[in-house]
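# Architecture and fold: a report
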Amino acid sequence: MALWGGRFTQAADTRFKEFNDSLRFDYRLAEQDIVGSIAWSKALLSVNVLNEEEQQKLELALNELKLEVMEDPSQILHSSAEDIHSWVEQQLIGKVGDLGKKLHTGRSRNDQVATDLKLWCRQQGNQLLIALDKLQSQLVDVASNHQDTVLPGYTHLQRAQPVTFAHWCLAYVEMFERDYSRLSDAIKRLDTCPLGSGALAGTAYPIDREKLAHNLGFRRATRNSLDSVSDRDHVVELMSVASMSMLHLSRLAEDMIFYNSGESNFIELADTVTSGSSLMPQKKNPDALELIRGKTGRVYGSLASMMMTVKALPLAYNKDMQEDKEGLFDALDTWNDCLEMAALCFDGIKVNSERTLEAAQQGYANATELADYLVAKGIPFREAHHIVGVAVVDAISKQCALEELSIEELKAFSSVIEEDVYEILTIESCLEKRSALGGVSHKQVAFAIGQASKRLAQRDNLDVKVRAARLTDIEALEGMVTYWANMGENLPRSRSELIRDIGSFAVAEHHGEVTGCASLYVYDSGLAEIRSLGIEAGWQGQGQGSAIVQHLVNKAKKMAIKKVFVLTRTPEFFMKQDFIPTSKALLPEKVLKDCEQCPRQHACDEVALEVNLVEQIIAKCSVA
């Protein structure tokens, strides 16, 4: 059933419906639509449109739907719903009946889709920051291993001056650093919440939009309802950042394709990112890099298309804006895939250092050094430049390098040349003389690697803040613990238990709003258990859980606890935090006693994992 059918006496033509419907692509906003709906239900509770029982019933049903979507997003595509908003509402009504029809009170699809899209952009933007960070880290690692690998530098694709492979890697680290900065700025600018703007004039209910924005993790609410529903700057800006970064990726790909060619033979790519020829068995083609180069135009096309769509739209919402999603999804997916593939191309890369050195020596790359040598002897640079040019012509005619000319041959070009000239004509001298900041000397390259490593280490991609819980957090704690207990993921804890154990809890927060929690329960045996780990709806997969677990592990270390363990149905998550599987038989009796409260005690599928803090400390000391 359509959300707008009452005004019409005839059904839509099936061809129009197919043309108009957007579910085939906006199904990707399902989780965001559900998260926004949960926040809206809380806003309706605050203005007495819903009572507490109704809101809790809606929230539980929406969270159940969210888990179903996360397990199988493709199920949505089997529906005939017009768009993702219609689908979510239909599913909700199927779960809670007519109560589901109350949720849209005071809300429009215009502010709904604007909010969904911003939530998606923020989440996808943070994933892209991680991908950029990973590629930069990969480049810094390769640079660290090739500080002494000489590489010919080029201008006009002609050999110019010698550099190092490390210096080349670091050039792209700088390019992707700018991309990272641009993306970070774009995410900050889009961090405003349109929900509560209605169709164009605002909502008729006295919703606290700032509180609503914070509940969704936004920095603040948008300021103007007309702008809120028609703004697509963030879409254009993200596509623009993607286009610029793809430009850098394409240049990287072109360099590596050239270096990988038989004519250069500077590098060899791993078999994992190359393919063969259907006819010529000797071929090993750099297809991954060529696809990166080719997909760049695809991202540019999405940006151009979006700008042409928006350029003449009147305020406020127009159906043209439905065209924002397909291009955006494709552009950001493509960018993410290319970032991952570029990082993969450096796995197993082989650098032919003998060949790169030979190429650097063959290109008269030390000609500038000879000119500088003459300048140091008092000859004006323009005259020195001419003298060296004549010397290069002579060396070319004799098919030798400049340093292979005898002192007598060199003196024929200028009488100021002495035996000390050979010292400055070596590749090593050429490199070491470039010792100013940003140069190719060994010292400067090592410094640049150190600085890049420090910048990468200091990054906090998701701005996750974890602190000890306070009594003022009790409402948020109770809500998260109860929700996950209802879902069967945690044991139930009463409000009085939470108040009593508040000192054992830690919470993650974003702009003052609690987004996750967990507790560290200490046993008299010197062991500790991480309990009641829960993340607020909409914040899963964004680093909240990892940050809380690390906070509690660090707390356990300070308390001289020997081991921290956990019982979980998601062992993969904890194994990424250095936990390892253990036997339940080794757990304290009190743990097994707690299990009597669990509804799944007779069909338990939880896995026990532990981290040995004593062994971690010993390992760290032995490395140091």
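Reading guide: rules and limits
- Residues numbered from 1 in each chain as written.
- Predicted model: local features only at pLDDT ≥ 70, side-chain atom pairs only at ≥ 80, totals over all residues.
- Heavy atoms only, no water.
- Helix = DSSP H or I, 4+ residues; strand = E, 2+ residues; numbered from the N terminus.
- Buried < 20%, exposed > 50% of the residue type's maximum accessible area, 1.4 Å probe, protein only.
- Contact = heavy atoms within 4.5 Å.
- Areas by Shrake-Rupley, 256 points an atom, 1.4 Å probe, with all protein chains shown as cover.
- Lys, Arg positive; Asp, Glu negative; His and termini not counted.
- Charge placed at Lys NZ, Arg CZ, Asp CG, Glu CD.
- pLDDT = per-residue confidence, 0-100.
- Phe/Tyr/Trp six-rings, centres within 6.5 Å; stacked < 30°, edge-to-face > 60°.
- Salt bridge = Lys/Arg side-chain N within 4 Å of Asp/Glu carboxyl O.
- Axes fitted to C-alpha atoms, helices over the stretch in contact; angles between N-to-C directions.
- Parallel < 35°, antiparallel > 145°, perpendicular 65-115°, else oblique.
- Left-handed = near helix turned anticlockwise from the far one by under 90°.
- Nonpolar A, V, L, I, M, F, W, Y, C, P; charged D, E, K, R; others polar.
- Pairing = 2+ DSSP bridges.

## Topic: the overall build of the protein
For the protein, the helix and strand inventory stands at 25 helices and 13 strands. Dimensions along the principal axes, computed over C-alpha positions, put the protein at roughly 100 × 70 × 50 Å. Residue burial in the protein is summarised as follows: out of 624 residues, 49% are buried. Put simply, 74% of the contacts in the protein that link residues at least 6 apart link residues at least 24 apart. Carbon and sulfur atoms make up 53% of the accessible area of the protein, which totals about 30400 Å². In the protein, which carries 67 positive and 88 negative side-chain charges, the distance between the mean positions of the two groups comes to 4 Å.

## Side note on the confidence of the model for the protein
Within the protein, residue pLDDT values average 89, and 92% of them lie at 70 or more. Averaged pLDDT values for the elements of the protein fall to 56 in helix 25 (residues 613-623) and rise to 98 in helix 10 (residues 233-260). Within the model, pLDDT remains below 50 along residues 617-624, and this stretch shows zero contacts once partners closer than five positions in the same chain are excluded.

## Notes on the environment of F346
Along the chain, F346 turns up in the loop between helix 12 (324-345) and strand 6 (350-351). Classification of F346 by relative accessible area gives buried; the value is 4%. For F346 and D141, which are 205 residues apart along the polypeptide, the C-alpha to C-alpha distance reads 9.6 Å. Other than its neighbours up to four places away in sequence, F346 contacts Q138, L139, V142, W168, L252 and M256.

## What about the packing of aromatic side chains?
Across all of its chains, the model carries twelve aromatic pairs by this definition. Here the aromatic rings of F165 and W168 are separated by 5.1 Å at their centres, their planes lie at 35°, and the arrangement is tilted. In this pair, F165 and W168 both sit in helix 7 (residues 165-189), three residues apart, roughly one turn of the helix. Exposure remark for F165: the relative accessible area of 1% places this residue in the buried category. Judged by its relative accessible area of 9%, W168 falls in the buried class. Both rings, one in F573 and one in F574, keep their centres 5.0 Å apart while their planes meet at 85°; by these two values the pair is edge-to-face. Through a chain of ring-to-ring contacts, the aromatic side chains of Y154, F165, W168, Y172, F258, Y259, F266 and F346 assemble into a single cluster.

## Here's the deal with the pattern of salt bridges
Taken as a whole, this structure holds 35 salt bridges when the rule is applied. A salt bridge links E358 to R355, with the nearest nitrogen and oxygen atoms 3.6 Å apart. In this pair, E358 and R355 both sit in helix 13 (residues 353-362), three residues apart, roughly one turn of the helix. Across the pair E509 and R467 runs a salt bridge, and its minimum N-O distance is 3.2 Å. Here E509 is found in strand 8 (residues 505-510), whereas its partner R467 is found in strand 7 (residues 465-468), with 42 residues between them in sequence. What makes R467 buried here is its relative accessible area of 14%. Beyond isolated ion pairs, a larger network of salt bridges with shared partners links E82, D83 and R109.

## A few points about unusual backbone geometry
Here the amide bond leading from L315 into A316 is cis, since omega sits at 5°, within 30 degrees of zero. For A316, the location among the structural elements is in the loop between helix 11 (287-310) and helix 12. With a phi close to 50°, S532 is a non-glycine residue in the positive phi region. You can see S532 is positioned in strand 10 (residues 527-535). Judged by relative accessible area, S532 falls into the buried class, the value being 7%.

## Comments concerning the packing of helix 14 (residues 367-376) against helix 15 (residues 381-397)
Packed helices, taken two at a time, are described by the angle their axes make and the gap between the axes. Axis separation between helix 14 and helix 15 bottoms out at 9 Å; the angle between their running directions is 135°. Considered as vectors, helix 14 and helix 15 are oriented oblique to each other. Of the two elements, helix 14 crosses helix 15, and the hand of that crossing is right-handed. Every residue of helix 15 that contacts helix 14 at A367, L370, A371, D372, L374 and V375 is listed here: F381, A384, I387, V388 and V392. When grouped by side-chain class, the residues that make up the contact of helix 14 with helix 15 number ten nonpolar, no polar and one charged.

## As for the pairing of strand 13 (residues 607-612)
A large share of strand 13 lies buried, amounting to five of its six residues. Alignment of strand 11 (residues 563-568) against strand 13, held across six bridges, turns out to be antiparallel. Counterpart to V564 in the pairing with strand 13 is V611.

## Notes on the side chain of D133
Following the sequence through the fold, D133 ends up in helix 6 (residues 109-145). D133 has contacts with Y180, L456 and R459, leaving out every residue within four places of it along the chain.

## What about the environment of E68?
Following the sequence through the fold, E68 ends up in helix 4 (residues 52-71). Residue E68 is classed as partly exposed on the basis of its relative accessible area of 29%. Along the primary structure E68 and H510 are separated by 442 residues, whereas in three dimensions their C-alpha atoms are 26 Å apart. Discounting residues that sit within four places of it in the chain, E68 has contacts with Q75 and K95.

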